[in-house]
Amino acid sequence: MIKRLVPALFLLWLAPLAQALPSDEMFEKLKSAEDEVQAADVADDIWATWLESGSPSADLVMSRAVEALSYGETELARDLLDRVILMRPDFAEAWHRRAGIFLSEENYPEALRDLNQALEAEPRHFGAWLGLGYILEQLGGEAEALDSYRQALTIYPLMPQAKAAEARLTLKAEGQEL
C-alpha cells in the first residue's frame, strides 16, 4: 500500500500549484456595483485574491514584500518581488507591485515591462491598466493613455482614479462645449 502511495505523493508534489484567481462572478459584481463604496469592497476582495499565488513559499515572500513597501523599504521590497517572480513568473500581482516600485522611481521602461507582464498573466488587472494609462500619459501618449483608462473602466466602471483620468483626457482631447 505504501509503495503505491509514494509515487502518487511524488506526482502531487511535482504538479504545478494552482494560482488563486478572482472568479468571473466577482468581476460581474464589480461591474454591477451601485456605488463607489460597494465597488471598492468588491475590488478589495479581488485584490485579496490576486495576492494568493498558489504557492505558500511565494505567498510568504510576497507578504514580506508588501510589508517592506508599507515601511518604505523599496529596495528590500524589489529584491523580494524579484524572488517571487522567479518562483512564480505567472503571478500578476508580483509584477504589478514591482511595476509600482519602478513607477515611483520614474523608471518607466521597467514599469511598462512589468505592467505588460501583469496584463499578460491577468488581462482583467484593472490596477495594471490604470498604471499603464498613467505612464502613457506621462510620456505624452494621451490617446493611448485614454484607451488604457477606458480598459480599466470596462473592468471596474466606478474606479475613481480611472474615471477622473478619463474625464480629464476626454475634456483635453474633445474640448468643452459652450
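The coordinates are above.
Note that this is a predicted model, so its numbers are computed, not measured.

### Remarks on the packing of aromatic side chains
Next, step 1: Taken as a whole and assessed by the stated rule, the structure comprises five aromatic pairs.
Next, step 2: Relative to Trp-50, the ring of Phe-27 lies with its centre 6.3 Å away and its plane at 45°, an arrangement referred to as tilted. Residue Phe-27 is found in helix α2 (residues 24-32), and its partner Trp-50 is found in helix α3 (residues 36-50); the two are separated by 23 residues along the sequence. Like Phe-27, the residue Trp-50 is buried in the burial classification.
Next, step 3: Relative to Trp-50, the ring of Trp-47 lies with its centre 5.2 Å away and its plane at 85°, an arrangement referred to as edge-to-face. With a gap of three residues between them, Trp-47 and Trp-50 both fall in helix α3, about one helical turn apart.
Next, step 4: With a relative accessible area of 2%, Trp-50 lands in the buried category.

### Side note on the pattern of salt bridges
Next, step 1: Applying the stated criterion to the full structure yields 14 salt bridges.
Next, step 2: We note a salt bridge from Asp-114 to Arg-113, for which the minimum N-O separation is 2.8 Å.
Next, step 3: Here Glu-122 ties to Arg-124 by a salt bridge, and the two come within 3.2 Å at their closest N and O atoms.
Next, step 4: We classify Glu-122 as buried; its relative accessible area is 4%.
Next, step 5: One network of salt bridges, in which partners are shared, links Asp-82, Arg-98, Glu-110, Arg-113 and Asp-114.

Rules used throughout
Residues numbered from 1 in each chain as written. Predicted model: local features only at pLDDT ≥ 70, side-chain atom pairs only at ≥ 80, totals over all residues. Heavy atoms only, no water. Phe/Tyr/Trp six-rings, centres within 6.5 Å; stacked < 30°, edge-to-face > 60°. Helix = DSSP H or I, 4+ residues; strand = E, 2+ residues; numbered from the N terminus. Buried < 20%, exposed > 50% of the residue type's maximum accessible area, 1.4 Å probe, protein only. Salt bridge = Lys/Arg side-chain N within 4 Å of Asp/Glu carboxyl O.

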